[in-house]
Amino acid sequence: MKIGELAHLSGLTPSRIRFYERIGLLKTVDRRPNGYRTYPQQAVMILGLITTAQRAGFTLDEIRTLLPPDLEHWTMLY
């Protein structure tokens, strides 16, 4: 999905999503040949985890240590 759709689904602004990508919290980003970012469905879950952890008082550095290095073995339940 493109960043606009991810922003809509997560309730975050595109600039906030790019910030999380830049600081290494959101690692599941692919780049198309035209430079556009594309995100898997799991990115919505990761952004939800980040947002929830921040509301609970965790710092971004603390959140970084809590997030899995990849989402390959995570199962999404809807």
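Quantities reported herein were computed from a predicted structural model and do not represent experimental measurements.

Quick notes on the overall build of the chain
Link 1 in the chain: When helices and strands are tallied, the chain shows 4 helices and 2 strands.
Link 2 in the chain: Starting at the N terminus and walking to the C terminus, you meet the elements of the chain as α-α-β-β-α-α.
Link 3 in the chain: The burial tally for the chain puts 28% of its 78 residues in the buried class.
Link 4 in the chain: The contacts in the chain between residues at least 6 apart in sequence include a share of 49% that link residues at least 24 apart.

Focus on the packing of aromatic side chains
Link 1 in the chain: Counted according to the given criterion, the structure contains 1 aromatic pair.
Link 2 in the chain: Seen from their ring centres, Phe-19 and Tyr-20 are 5.8 Å apart, and the 50 degrees between their planes marks the pair as tilted.
Link 3 in the chain: In this structure Phe-19 comes out as partly exposed when scored by relative accessible area, which is 24%.
Link 4 in the chain: Classification of Tyr-20 as buried rests on a relative accessible area of 2%.

Section: the environment of Lys-2
Link 1 in the chain: Here Lys-2 lies in the segment before helix H1 (3–10).
Link 2 in the chain: For Lys-2 and Tyr-39, which are 37 residues apart along the polypeptide, the C-alpha to C-alpha distance reads 6.3 Å.
Link 3 in the chain: With residues near it in sequence (within four places) discarded, Lys-2 still touches Tyr-36, Arg-37 and Tyr-39.

Topic: the pattern of salt bridges
Link 1 in the chain: A complete count under the given rule lists 2 salt bridges for this structure.
Link 2 in the chain: Among the ionic pairs, Arg-37 bridges to Glu-21, the shortest N-O distance being 2.7 Å. Of this pair, Arg-37 sits in strand S2 (residues 37–38) while Glu-21 sits in helix H2 (residues 14–22), and the two are 16 residues apart along the sequence.
Link 3 in the chain: Where Asp-61 meets Arg-64, a salt bridge forms, and the shortest distance between an N and an O atom there is 2.6 Å. In this pair, Asp-61 and Arg-64 both sit in helix H4 (residues 60–66), 3 residues apart, roughly one turn of the helix.
Link 4 in the chain: Given the relative accessible area of 53%, Asp-61 is considered exposed.

What counts as what
Residues numbered from 1 in each chain as written. Predicted model: local features only at pLDDT ≥ 70, side-chain atom pairs only at ≥ 80, totals over all residues. Heavy atoms only, no water. Helix = DSSP H or I, 4+ residues; strand = E, 2+ residues; numbered from the N terminus. Buried < 20%, exposed > 50% of the residue type's maximum accessible area, 1.4 Å probe, protein only. Contact = heavy atoms within 4.5 Å. Phe/Tyr/Trp six-rings, centres within 6.5 Å; stacked < 30°, edge-to-face > 60°. Salt bridge = Lys/Arg side-chain N within 4 Å of Asp/Glu carboxyl O.

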